[in-house]
Amino acid sequence: MNILWVKTELLHPVNRGGRIRTYHMLRALKADHRVTYLALDDGSAAPDALERADEYCHEIERVSFTTTSKESLWLYADLLRNVFSPLPYAIAKYASPALRRRIWTRAASGVHDVLVCDFLSPSQNVPRGLSIPAVLFQHNVEAAIWERHTQVARGWLRRRYFAEQWRRVRRFEHRECHRFDHVIAVSGADADTFRQAYGVTRVSAVPTGVDTAYFAPLASRPRAPHGLVFTGSMDWMPNQDAIEYFASAILPRVQRAVPEATLAVVGRHPTARVERLVRVTPGIDLVGSVPDVRPHMARAAVFVVPIRVGGGTRLKIFEAMEMGLPVVTTTIGAEGLPLRHGEHALFADTPDAFADAVIGLLRSPEEAQALADRGTRYVRTHFSWTTAAQRFAEICADVVARA
C-alpha cells in the first residue's frame, strides 16, 4: 500500500506517548509499505527532525504552522476567543487551511491508496469527499479524558471550563468517528467505547507494542532500594494531575512507613505549577526533560502510574515492565492493557491502597522482583511493534478493498 499519513507534528524528539506509538508503528509499516508523512511544523521539533524522518517514512512534507505557547500570555486571548467557537480549544488550535489544501491535492494525485489521520486533532483538516478512503487513528477516547478532568477538577470555574470542553470534544469526536471510513483504536476497551458511546460500527483495535530491545534491563545499574519513578510529558494535564495526586495524597502515606522513600519525576516541560508543588513536597526530584529515560528508570525500585485522567493505553507501563520494574498503577492508568492485578502489576484506586501497594513492594524486594519478572516475561512474549503494525496494515488493506 501507499499510505498518506497526516499528523500535527514531526516526530523527533520521540519523547512522549503519542509520538512513540506513531514512530514505532510507522517504522514497522515502512518495511512493507510506502509511507508519505504530511505534518504541521511549528518549528518546535528537534533540529535533526527532518533529517531523521527517513527512519519512519519514505517522503515527508511539512506545512508551516504557528501555535501559542502554553506559557504565553497570548494563550488567555486564544482561550477567550475559543469561548465563541463550537470546537474545543485543544482541537481548534490545529486548524490549518494550508494543510487542508495539501491533503486534497495529495489525495487527488492518484498516488496514495489510503489516508491515515493520526489523532483526532488534525481531522478537522481532512476534507470530505476525498478520492481515497480515510482512516482515523485514535490513540485515546478524547472525550473520556475531558470527562475525567471534569470529575477531578478543583474549583467551580475549572469544573465549568472542563465540562464545556468535554461537551464540545464529545460532539466533535462523535461526528468525526462517523465521517471517516474506519476508526482504529489502541485497545479493545477503546473500540468498545466508540461502539457503545458513539454507535460507530466501522472500528477495530490494534495492540500496543514495546521496543523490547531498547527497553531491555540495564543490569549494571544498581537500584535505589526506596526509589520510585514516574515518567511522562509534564505539559500533558493527565500527568500533571497524577503527580499532584501522588504528591498530596499518596507519597506522605508511603513516607510515614518508609521515610527514605523518594520519587523521581522524569518528563519534558514541567509546568510552573508542577515546579511549585515539587518545591514544597519533600522527597520529590523533578528531573524534567532527559535524552534517555532508561537510566532513571533503572535506578528505581518501583514504577508508579497514579493516573486519574486519561484514555488510550499507557506505553510507559509496558516499557517499565520490559525493563524489569514492578508497577503500581491505578485502574485508569492500566486501562486498555491486558494486565491482571497481582500477576503483571498491582492496581490501586485509593490513596491508601496505592500507598500500601508501594510500601509492600519496598519492604519485600523478593515480592517486587517476582512481580517484575512475571511482567517482563509477559511483555516480551506477547507484544511487539511488528505484530501491531501487521494488524494495522491488515485493517487499512481491508478498508481499501471495500472502498
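Preceding this paragraph is the structure being described.
Here goes a summary of the coordinates provided.

The rules behind the values
Residues numbered from 1 in each chain as written. Predicted model: local features only at pLDDT ≥ 70, side-chain atom pairs only at ≥ 80, totals over all residues. Heavy atoms only, no water. Salt bridge = Lys/Arg side-chain N within 4 Å of Asp/Glu carboxyl O. Helix = DSSP H or I, 4+ residues; strand = E, 2+ residues; numbered from the N terminus. Buried < 20%, exposed > 50% of the residue type's maximum accessible area, 1.4 Å probe, protein only. Core = buried A, V, L, I, M, F, W, Y, C linked by side-chain atoms within 4.5 Å. Contact = heavy atoms within 4.5 Å. Pairing = 2+ DSSP bridges. Right-handed = clockwise from strand over helix to strand, strands pointing away.

A closer look at the pattern of salt bridges
Right, on to step 1. Considering all chains together, one arrives at 26 salt bridges under this definition.
Right, on to step 2. In this structure, R253 engages D352 in a salt bridge whose closest nitrogen and oxygen atoms are separated by 2.5 Å. Note that R253 is positioned in helix 8 (residues 237-257) and D352 in helix 12 (residues 351-363), a separation of 99 residues in sequence.
Right, on to step 3. Residue class for D352 comes out partly exposed when judged on its relative accessible area of 45%.
Right, on to step 4. What you see here is one network of salt bridges that share partners, running through R34, E59, E61, R102 and R106.

Considering the nonpolar core
Right, on to step 1. Of all hydrophobic cores here, the largest spans 60 residues; its most connected members are F230, L263, V304 and L362.
Right, on to step 2. Beyond its immediate chain neighbours, meaning those up to four positions away, V304 contacts L228, V229, F230, F246, L263, V328, F354 and V358.

Quick word on the sheet that holds strand 10 (residues 284-288)
Right, on to step 1. The parallel open sheet is built from 6 strands, whose spatial order is 10-9-8-11-12-13. Each edge of the open sheet is held by one strand with a lone partner, namely strand 10 and strand 13 (346-347).
Right, on to step 2. As paired elements, strand 9 (residues 262-266) and strand 10 share 4 bridges and run parallel to each other. When the bridges of strand 10 are listed, L263 appears paired with I284.

Considerations on the pairing of strand 9
Right, on to step 1. The buried fraction of strand 9 is high, at 4 of 5 residues.
Right, on to step 2. Following the chain from strand 8 (residues 227-231) across helix 8 to the adjacent parallel strand 9, one finds a crossover that is right-handed.
Right, on to step 3. Tracing the backbone out of strand 9, into helix 9 (residues 272-279) and back to the parallel element strand 10 gives a crossover that is right-handed.

By themselves these figures say nothing about function.
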